[in-house]
Amino acid sequence: MTTVPEKTDLVTLTIDGVQLSVPKDTLVIRAAEQVGVQVPRFCDHPLLAPVGACRQCLVDVPDAGNGRGFPKPQASCTLPVAEGMVVNTQATSPVADKAQQGIMEFLLINHPLDCPVCDKGGECPLQNQAMSNGRADSRFSARGGVKRTYPKPINISAQVLLDRERCVLCARCTRFSEQIAGDPFIALVERGALQQVGIYEREPFESYFSGNTIQICPVGALTSADYRFRSRPFDLVSTPSVAEHDACGSAIRIDHRRGKVMRRLAGNDPEVNEEWITDKDRFGFHYATEPDRLTYPQIREDGELRPASWPEAFAVAARGLSEAGGTGVLTGGRVTAEDAYAYSKFARVALGTNDIDFRSRPHSAEEAAFLAAEVVLRRTVTYADLESASTVVLAGLEPEDEAGMIFLRLRKAAGRAGSGGGTRVVSIAPYASRGLAKMHGQLVRTAPGDEAAALAALVAQGEFGIDKTAVILVGERLATVPGALSAAAGLAARTGARLAWVPRRAGDRGAVEAGCLPNLLPGGRPVADAGARVDVGADWGVDVPETPGRDADGIIAALGSGELGGVVVGGVDPDDTTDPAATRAALEAASFVVALELRETDVTRAADVVFPVAPVSDKAGTFVTWEGRPRPFEAVFSSPSSLPDLRILAGIAEELSALGVGRPLGFRTVAEARAEMEEMGPWDGERAVLGGSETALRPSSTTEEAGAGAPSSTTEGHFALATWKLMIDNGSLQDGDKAYRATGRAPVARLSPTAYDAHGPTVTLTGDRGSVTLPAEPAELDDDVVWVPANSFGNGVLADLASPGSRVTIAKGADQ
Amino acid sequence: MAQPKSQSRSMKEQFWDPVAGFGVTFRTMFKKVVTEQYPFEKQPTAPRFHGRHQLNRWPDGLEKCIGCELCAWACPADAIYVEGATNTDDADGEGRYSPGERYGRVYQINYLRCILCGLCIEACPTRALTMTNEYELADTTRADLIYEKSDLLAPLLPGMEQPPHPMRLGDDEGSYYRGEYGASAKEGDS
Ligand code: SF4
Ligand code: SF4
Ligand code: SF4
Ligand code: FES
């Protein structure tokens, strides 16, 4: 897609009297674009297989290249070019023009006069092409014809609505679902004038990518419940941006009116997301306008939070932090790279500590070492590489749920297997998910906790052919498996395969690059390296503390034990952390908590000073994709009362330095932070090595124990718990759109068939943190493994069920 | 130009002309006055004068506006702001303002911008928007000159009922649009 087709195989043809040479197999419709002729079309889409369904693109072909012409006009979107071919489009051929007008007349016979109430009105290819290539009058209604009508609209999912009268039967939506997303839950049914897009009665159109069908529908037949009747294209202002929901960095277009986001569309970036985005990226924007959004700073006075002015809040926060003793910084994984840099610098310069961690999820010291050694500054794998790789190994990663664009790329890459040379997808997972089947992948069935051994064993298995052309994608979940990340790095080192780390959140990779880790400084400079410390210290004008700091679990533990007094918390949800109860307790125990949040959370309720931060639509920034590709974006709205994290941190740092603690950050705007990051640049010295620096880290209390404490042998009646977050779940950034939430998958527990037979269709799981009753589903799991979605019920698995790596018991859930 | 000629001015020029002007004054005193006693007496405009807008209703009181924003699109002065929303057929009838699927939830015309050109009227596909002959569009604050939907809606005539309420004149919007709701009902247009 991104590479220019080789120019060796050129075919010369004549279109409208203009001779041109195009690569072999080019379709006439696209060759015509090169001579500046736009042939009208509906079904043709560059990323979908040609189908010739709508017949709008008819052209006259007086010579097909063999001296003979086609007797009838031909559909140019299914006709490949041939040497010596002569094509006349509507621009020069009255035959083609008449044929196109005739097709347009057919299409409009049953088309309703809905334009005034149709969401597509104003950006509708049918409207436009009826103007450019249609007749002004309708013979049908002039002679008293009665249009076929349907009741409308009908739901094909909670989110996607179908207006059958408006459909032009181009099959773009059904082809997308089948060819791209692999969720063929819609199809064209019936015949003739009654042909329509249908759903299977018992299978809902449940797809994480369904929103794309709305965008590519050339008419207003598919609309979203979310955007229906909300606005018109001509009163929307479009701003390009980057999706904030995962580490894929999808290009999006934000359409807004009067300071409110109306809808989001996929941008077109062939190197990243092509023209697709996930439904989460498309519909997940209401969180920023929820009623619990924080709009002014608050400080705690006599046990109650009260509104405060910005300068007062800065001063109170600075005073509190200066008196709190040791202070840790938890940034959360949603920050932009610039904000992450500000947190990183704030910790070192204003607080004088390396106690900073962006990981608000189960993690390990091994992971920090892995990130420093194998991830930071590395840009070894790109989306295009996924397509050219012979084998892609997925470990601790379910792309369909956790990285939608990787899923679509892998599906595209693997789908070519039929015609030879497709990518083989190998997944180290507890069971073959539907997503893996859609990627035509092979499963290396692995119980949770055994990933390290499975990775190590891969090299011996010749059938998977892991060599230099292979790519290993490790997910952030592997952090909870001791040794797994090292095993992945080892596998890569031994086979020459390329390795990439795929986090779930948009800010994770940027935070690694910006040094929001206890063992890393910005630009990949290891804390343990004296040269790196001096390098950073010279830029910042301070002495960077030389001992690596505590990681997030360590900070929580130290707050609990009183070793640390203060904590600065960014967007962290306690329920995401290794131990939600301990996190809450630590926030209670901490003598001073500064929270920078978008909406009211448990953290802000426990905080002493609360700063409202700008959502991504209100600030410029950069997300770094899992590939390491920076994706800068500009602010959509300018709202003076909505400040980015870095401005707030700068304010606190300035007040702190006035109290004689630390130094100011030296920047106040995103542009200044960007400039400073650029000036500092990446580290060109020695990288940290995996294994070497692990020991340099202070042991983090909980995970180490959990890792060691997890029984590795099967205990009777005890099940290993496999879990990950579904794409559409209870995450707080997905709040505010009921129709979108309703398209998510219902939470189920997956058991092996034997266990399913033993425990029945409803099971109650009990772990060390609680128990939960869920409907069960049989799946090809090991007999002692159970899978549940991580954040689709209650407060999530970590809060309500079990600690990471622990085991659960299963009982029949009788009463449900 | 003090010329000797001035001495040769005729008697008419010297004596009649200076008072003749007063004749005009005198004659006019007995003519019908053309002065308009506005604002004490209002004068009717030409019948098709472009005055303040009105949002019309169907004979049962439902709004004709479907919130399509075409008037806003047509407006050269960007004086109109519309937001559409979905009608619903709830049991209590609380969700329906117009026949059909869509209605204008927000409708504003800013008379500080409006140049009363009438292009919006031409754009309106439902004849929801028409113009009255009302020309008294002055006020003391800017905010008051942004007319809301409630200010623009036609008054309820006898037989009309304030929306929201269910469709009274037919089962679907088609019977409204085709005028199938009986000869007895009169158009709500003014
Ligand atoms: S699909 Fe296009 S032509 Fe059809 S009603 Fe909608 S805007 Fe009009
Ligand atoms: S619903 Fe839209 S995309 Fe699907 S077949 Fe009809 S016109 Fe094409
Ligand atoms: S007044 Fe007419 S043109 Fe304007 S929004 Fe309403 S229906 Fe559309
Ligand atoms: S575009 Fe060629 S048949 Fe539809």
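Residues numbered from 1 in each chain as written. Chains lettered and ligands numbered in written order. Predicted model: local features only at pLDDT ≥ 70, side-chain atom pairs only at ≥ 80, totals over all residues. Heavy atoms only, no water.

1. Examining the site of ligand 2
Heads up, the rule is: Nearness is defined per residue: one heavy atom within 4 Å of the molecule or strand is enough. Residue classes follow a fixed rule: Ala, Val, Leu, Ile, Met, Phe, Trp, Tyr, Cys and Pro count as nonpolar, while Asp, Glu, Lys and Arg count as charged, and any other residue, Gly among them, counts as polar.
Within the structure, ligand 2 sits among 13 residues, and Cys167(A), Cys170(A), Ala171(A), Cys173(A) and Cys217(A) are positioned closest to it. Grouping the amino acids of the shell around ligand 2 by side-chain chemistry returns 12 nonpolar, no polar and one charged.

2. Quick word on the sheet that holds strand S3 (residues 58–63) of chain A
In any sheet, the strands associate via hydrogen bonds between backbone groups, in a parallel or an antiparallel arrangement. All names here are of chain A. Selection criterion: A pair of strands is considered paired only if DSSP assigns at least 2 bridges between the two. By definition, any uninterrupted DSSP run of H or I lasting at least four residues is a helix, any uninterrupted run of E lasting at least two residues is a strand, and each is numbered from the N terminus. Any two residues whose heavy atoms approach within 4.5 Å at even a single point are treated as in contact. Working convention: axes come from line fits to C-alpha atoms, limited for helices to the stretch in contact. Angles between N-to-C directions cover 0 to 180 degrees.
Across the sheet, five strands lie side by side as S2-S1-S5-S3-S4; this open sheet has mixed pairing. Edge positions in the sheet fall to strand S2 (18–23) and strand S4 (74–75), since each has one partner strand and no second. In this sheet, strand S5 (residues 86–88) lies alongside strand S1 (residues 10–15) in parallel orientation, the contact comprising two bridges. Each bridged residue has a counterpart across the sheet, and for Ile15 the counterpart in S5 is Val87. Along the sheet, helix H2 (residues 94–109) contacts S3 and S5; its crossing angle with S3, the most-contacted strand, is approximately 150°.

3. Considerations on the nonpolar core
All names here are of chain A. Under the convention used in this document: Definition used in this section: a nonpolar core is a set of buried Ala, Val, Leu, Ile, Met, Phe, Trp, Tyr and Cys residues joined via side-chain atoms within 4.5 Å. Note on exposure labels: buried denotes an accessible area under 20% of the residue type's maximum, exposed denotes more than 50%, and partly exposed covers the range between, all computed with a 1.4 Å probe on protein chains only.
Core analysis: the biggest nonpolar cluster contains 97 residues, and Leu386, Ile406, Leu473 and Trp626 have the highest contact counts within it. Examining the composition of this core, we find that six residues originate from one element, helix H13 (residues 404–415), more than from any other. Sequence-distant contacts of Ile406, defined by excluding residues within four places in its chain, comprise Cys248, Tyr383, Leu386, Pro399, Leu473, Val502 and Trp626. Ala324, Val335, Ala347 and Leu656 belong to the second-largest nonpolar core, a separate cluster that totals 89 residues.

4. Observations regarding the interface of chain B and chain A
Just so we agree on the cut-off: As used here, buried area is the combined drop in accessible area, with a 1.4 Å probe, of two parts when they are placed together. Each salt bridge in this description consists of a side-chain nitrogen of Lys or Arg and a carboxyl oxygen of Asp or Glu lying within 4 Å of one another. Pairs of N or O atoms are called polar contacts if they sit within 3.5 Å, as long as, within protein, a hydrogen donor faces a hydrogen acceptor (for residues adjacent in sequence, only side-chain-to-side-chain pairs).
Facing the 15 residues of chain B at the interface are 16 residues of chain A. Buried surface at the junction of chain B and chain A, summed over both partners, amounts to about 1300 Å²; 56% is from carbon and sulfur atoms. Among the residues chain B hides against chain A, the three largest losses belong to Trp73(B), Glu101(B) and Arg102(B). Together they make up 46% of the total. Linking chain B to chain A there are four salt bridges. In this structure, Arg257(A) and Glu69(B) form a salt bridge, with 3.5 Å as the shortest nitrogen-oxygen distance. On the surface where chain B and chain A come into contact, there are four residue pairs in polar contact (both at pLDDT 80 or more). Listing elements by their share of the side of chain B that touches chain A, those giving two or more residues are helix H2 (70–74), strand S2 (80–86) and strand S3 (102–110) of chain B. Ranked by residues supplied to the side of chain B that touches chain A, first place goes to S2(B) with six residues.

5. Things to note about the packing of aromatic side chains
We apply this condition: The rule is short: rings of Phe, Tyr and Trp, with Trp giving its six-membered ring, pair when the centres are within 6.5 Å, and they are stacked under 30 degrees, edge-to-face over 60, tilted in between. Our definition puts a charge over a ring when NZ of Lys or CZ of Arg is within 6 Å of the ring centre and also within 35 degrees of the ring normal.
Under the definition given, this model contains 21 aromatic pairs over all chains. Within the aromatic cluster, the residues linked to one another by ring pairs are Trp310(A), Phe314(A) and Phe611(A). The ring of Tyr135(B) carries the charged tip of Lys42(B) above its face, separated from the ring centre by 5.3 Å. Positioned above the aromatic ring of Trp58(B), the side-chain terminus of Lys64(B) is 4.6 Å from the ring centre.

6. A look at the packing of helix H19 (residues 552–561) of chain A against helix H20 (residues 580–589) of chain A
Residue and element names in this part refer to chain A. Defined as follows: When an angle is under 35 degrees it counts as roughly parallel; over 145 it counts as roughly antiparallel; between 65 and 115 it counts as roughly perpendicular; any other value is oblique. By definition, turning the near helix anticlockwise from the far helix through less than a right angle yields a left-handed crossing, and turning it clockwise yields a right-handed one.
Relative to each other, H19 and H20 sit at 50°, their axes nearing to 8 Å. For the element pair H19 / H20, the angle class is oblique. Crossing hand, H19 versus H20: left-handed. Contact with H19, carried on its side by Ile556, Leu559 and Gly560, involves Ala582, Thr583, Ala586 and Ala589 of H20 and no other residues of that element. Tallied by class, residues from the contact of H19 with H20 come to five nonpolar, two polar and no charged.

7. Thoughts on the packing of helix H9 (residues 337–350) of chain A against helix H22 (residues 645–658) of chain A
All names here are of chain A. With their axes 8 Å apart at the nearest point, H9 and H22 run at an angle of 15° to one another. Between H9 and H22, the angle falls in the class roughly parallel. Between H9 and H22 lies a crossing whose hand is left-handed. The segment H9 lies against H22, with Glu338, Asp339, Ala342, Tyr343, Phe346 and Ala350 engaging Asp645, Leu646, Leu649, Ile652, Ala653 and Leu656. In terms of residue class, the contact of H9 with H22 is made up of nine nonpolar, no polar and three charged.

8. Thoughts on helix H16 (residues 484–495) of chain A
All names here are of chain A. Counted only if it meets this: To estimate the expected span of a helix, subtract one from its residue number and multiply by 1.5 Å.
Counted at 1.5 Å a residue, the expected span for H16 with its 12 residues is 16 Å, and the 16 Å between its end C-alpha atoms agrees. Buried residues of H16: Ala484, Leu485, Ala487, Ala488, Ala489, Leu491, Ala492 and Thr495, and no others. Gly496 sits one or two residues past H16 and shows a positive phi near 80°.

9. Examining the side chain of Thr223(A)
All names here are of chain A. Mapped onto the elements of the fold, Thr223 is located in strand S10 (residues 222–224). At 2.9 Å, the side chain of Thr223 and the side chain of Arg228 are in polar contact. Once residues lying within four places of it in the same chain are set aside, the contact partners of Thr223 are Asp119, Gln159, Val160, Leu161, Ile214 and Arg228.

10. A word on the confidence of the model for chain B
Atomic detail in the predicted coordinates should be set aside for any region of low pLDDT. All names here are of chain B. We apply this condition: The predictor reports its confidence for every residue as pLDDT, a score running from 0 up to 100.
In the predicted model, chain B carries a mean pLDDT of 88, and 92% of its residues have values of at least 70. Taken as a whole, residues 183–190 scores under 50 in pLDDT and shows 13 contacts with residues more than four places along the chain or in a different chain. On the interface metric, ipTM, the complex scores 0.84, and its pTM is 0.91.

11. Here we look at the pattern of salt bridges
On inspection of all chains with the given rule, the structure shows 71 salt bridges over all chains. Of the charged contacts in the structure, one is a salt bridge between Arg96(B) and Asp89(B), with a shortest N-O distance of 2.8 Å. For Asp89(B), a relative accessible area of 57% puts it in the exposed group. Among the charged side chains, a salt-bridge network with shared partners connects Asp114(A), Lys152(A), Asp163(A), Glu165(A) and Arg166(A).

12. What about unusual backbone geometry?
Here Lys152(A) and Pro153(A) are connected by a cis peptide whose omega angle stands at -15°. Structurally, Pro153(A) can be placed in the loop between helix H4 (139–142) and strand S6 (154–155). A cis amide bond, omega 0°, links Tyr38(B) with the succeeding residue Pro39(B). Position of Pro39(B) relative to the elements: it lies in the loop between helix H1 (11–28) and strand S1 (53–55). One non-glycine residue, Ala171(A), lies in positive phi territory at about 65°. Positive phi, close to 55°, is recorded for Leu116(B), a residue that is not glycine. Secondary-structure assignment places Leu116(B) in the loop between S3 and helix H3 (119–123).

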